[in-house]
Amino acid sequence: MAEITLKGASMTYPNGTKALTDVDLTVRDHEFMVLLGPSGCGKSTLLRLVAGLEKPTAGEVLFDGQVVNELEPLKRNVAMVFQSFALYPHLNVYKNMAFPLKSMKLKPEEIQRRVEEAAKILGIEHVLNRRPRVLSGGQRQRVALGRAMVREPVVFLLDEPLSNLDVKMRLELRDQIVALHKRLGTTFLYVTHDQAEAMQLGDRLAIMDTGRVVQIGSPQEIYDYPNSLYVADFVGAPKMNFFASLLRTDGQNWSVRLLGREFPLPAERIDADAAGFSAGMRVIVGVRPEDFQPSQREDAYTAAVGQVMPMGATLHVEAYIGNQRFLVVLNNHTPICEGDALRLEVDPRTVHLFAAEGGQNLLLPPRKGGKA
Ligand code: ADP
């Protein structure tokens with residue numbers, strides 16, 4: 001078990017590609033940390049720095065407070081699981097899993113104990129004699145996980161391990177990975193570009209954008225308070241709605257125009273000086289589709305309903321006010337059809353506010369334990 005820290009870590013590949021810039025990140029002992037970001041933002045490179053497959057061109061990688069920049073991969077006792085299962089096709093499952101232990105020169109009884117225990121935890125005892133090619137994708141990935149587990153590493157590094165699997169298998173293995181982490185209690189660092197996967201798996205997420213870590217927090221913290229337009233656009237499904245607007249003030253309170261109406265901003269979340277507020281400043285108001293509520297209020301918005309998409313537990317409803325199109329998530333029992341008029345309200349405490357220039361979140365973080 002280990003705490004992993006990157007301090008000012010940068011990585012420029014020999015061809016000049018700057019893959020990481022000044023990354024500060026601590027993965028706590030026992031923690032399940034997910035690196036989330038679009039393809040090419042540097043997630044795999046960060047994992048490779050931790051594994052020791054690459055050396056940072058600046059900064060440090062530390063395990064439990066000790067700098068390991070010069071420590072070779074084998075001595076770091078990390079296990080990596082990749083998207084491609086990378087099993088040996090000519091060896092059966094047992095031998096595939098035992099392989100790393102043989103090179104560690106463990107006693108045969110110890111090897112057998114570890115392989116059988118891992119196989120039991122992963123539910124693959126019945127395929128130990130089979131070759132990888134006759135296994136399903138899910139089984140192969142379990143074998144790859146098992147091969148990583150038997151080494152009893154101090155940290156698991158998982159690089160998009162589920163992305164080659166079909167949807168059903170992916171969901172099943174997600175649950176298994178959560179259970180595996182709970183059971184092993186080892187530090188996990190997991191890479192994905194899939195925000196739903198990240199939200200389910202991570203104790204905390206580190207959101208990445210072009211080589212930088214731009215926000216770190218629990219899935220709930222990031223969902224409640226994305227610190228930039230970039231993060232807001234990336235986390236949450238369906239996506240947050242964005243509305244361009246201008247800041248207004250009566251000298252005391254701040255508001256925006258939202259969907260043709262004056263809309264108050266929550267005073268307790270505003271530090272106007274710190275946020276650089278000025279009347280007329282261009283802003284982007286963010287409202288999550290699930291934060292539009294059906295309303296009987298007299299001052300409710302009236303939207304025209306476009307397409308209604310049943311999603312099982314919920315309905316995704318396309319709504320229009322004037323020429324603004326946005327998405328609303330409603331309970332699946334809501335009686336609603338295309339062409340209906342839909343009355344909606346938005347609790348001011350649930351809106352997000354970003355600078356049109358720069359994209360930073362302009363509100364103060366919500367207090368813990370509530371939306372406001
Ligand atoms: P991600 O895992 O988020 O998709 P990567 O860490 O694989 O991102 O890549 C980050 C950037 O570094 C990309 O621009 C990629 O093309 C580049 N890159 C990755 N590996 C190498 C390499 N070995 N040599 C040169 N550039 C690389």
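Refer to the structure presented above.
All of the points below concern the structure found in this document. (Residues numbered from 1 in each chain as written. Predicted model: local features only at pLDDT ≥ 70, side-chain atom pairs only at ≥ 80, totals over all residues. Heavy atoms only, no water.)

### Focus on the site of the ligand
In the neighbourhood of the ligand, the contacting residues comprise Y13, N15, T17, A19, P38, S39, G40, C41, G42, K43, S44 and T45. C41 is positioned such that a nitrogen or oxygen atom in its backbone is 3.1 Å from an oxygen atom of the ligand. Side-chain polar atom of S44 to an oxygen atom of the ligand: 2.7 Å apart, as the coordinates give it. Here the ligand has 560 Å² of accessible area as a free molecule, and 62% of this is covered by the chains. Split into classes, the residues belonging to the shell around the ligand amount to four nonpolar, seven polar and one charged. (Near = heavy atom within 4 Å. Polar contact = N/O pair within 3.5 Å; in protein donor to acceptor, adjacent residues only side chain to side chain. Areas by Shrake-Rupley, 256 points an atom, 1.4 Å probe, with all protein chains shown as cover. Nonpolar A, V, L, I, M, F, W, Y, C, P; charged D, E, K, R; others polar.)

### Side note on the packing of helix α5 (residues 137–149) against helix α6 (residues 167–184)
Interaxial distance between α5 and α6 falls to 11 Å at its minimum, and their mutual angle equals 20 degrees. Judged by the inter-axis angle, α5 sits roughly parallel to α6. Every pair of crossing elements has a handedness; the one defined by α5 and α6 is right-handed. When α5 is examined against α6, the residues G138, Q141, R142, L145 and M149 are found in contact with a partner set consisting of M169, E172, L173, Q176, I177, L180 and L184. Grouping the amino acids of the contact of α5 with α6 by side-chain chemistry returns seven nonpolar, three polar and two charged. (Axes fitted to C-alpha atoms, helices over the stretch in contact; angles between N-to-C directions. Helix = DSSP H or I, 4+ residues; strand = E, 2+ residues; numbered from the N terminus. Parallel < 35°, antiparallel > 145°, perpendicular 65-115°, else oblique. Left-handed = near helix turned anticlockwise from the far one by under 90°. Contact = heavy atoms within 4.5 Å.)

### Brief notes about the packing of aromatic side chains
Scanning the model with the defined rule gives nine aromatic pairs in all. When the centroid spacing of 5.8 Å and the interplanar angle of 45 degrees are considered together, the rings of F32 and Y190 count as tilted. Here Y190 lies in strand β8 (residues 187–192) and F32 lies in strand β3 (residues 32–36), a separation of 158 residues in the sequence. Assessed through its relative accessible area of 1%, F32 is described here as buried. Ring centres of W254 and F277 lie 5.0 Å apart, and the angle between their planes is 70 degrees; this geometry places the pair in the edge-to-face category. With W254 in strand β12 (residues 254–258) and F277 in the loop between α10 (272–275) and β14 (282–287), this pair connects stretches of sequence that are 23 residues apart. For the pair shown, W254 and F277 are each scored as buried. Members of the aromatic cluster, each reached through a chain of ring pairs, are F32, F156, F188 and Y190. Its end group placed over the ring of Y223, R288 keeps NZ or CZ at 4.1 Å from the ring centre. (Phe/Tyr/Trp six-rings, centres within 6.5 Å; stacked < 30°, edge-to-face > 60°. Buried < 20%, exposed > 50% of the residue type's maximum accessible area, 1.4 Å probe, protein only. Lys NZ or Arg CZ within 6 Å of the ring centre and 35° of its normal.)

### Re the pairing of strand β20 (residues 352–355)
Where burial is concerned, the two faces of β20 agree: the one with H352 and F354 and the one with L353 and A355 are both buried. Pairing geometry for β14 and β20, over four bridges, is antiparallel. Each bridged residue has a counterpart across the sheet, and for G286 the counterpart in β20 is H352. (Pairing = 2+ DSSP bridges.)

### Notes on the sheet that holds strand β13 (residues 261–264)
Pairing within the open sheet is antiparallel, and its five strands lie in the order β13-β12-β11-β14-β20. With one partner strand each, in any of the chains shown, β13 and β20 form the two edges of the open sheet. On average, each strand axis in the sheet is tilted by 40 degrees relative to the strand beside it, whichever way the strands run. Bridge analysis of strand β11 (residues 241–249) against β12 gives three bridges, and the strand direction is antiparallel. Each residue of the ladder has a partner; that of T249, found in β12, is W254.

### What about the environment of M199?
Relative to the assigned elements, M199 resides in helix α7 (residues 195–201). It is 35 Å that separates the C-alpha atoms of M199 and N92, two residues lying 107 residues apart in sequence. When sequence neighbours within four positions are dropped, the list of residues in contact with M199 reads L205, P219, Y223 and V235.

### Focus: the sheet that holds strand β4 (residues 58–63)
Across the sheet, four strands lie side by side as β2-β1-β4-β5; this open sheet has antiparallel pairing. Edge positions in the open sheet fall to β2 (18–27) and β5 (66–67), since each of these has one partner strand only. Sheet topology note: the strand β1 (residues 4–12)/β2 ladder contains six bridges and is antiparallel. Within the sheet, the bridge partner assigned to L6 lies in β2 and is L25. The sheet contacts of helix α1 (residues 43–51) involve β1, β2 and β4, and relative to β1 the element is tilted by about 120 degrees.

Honestly, that's just the spatial picture; any functional story needs more than this.
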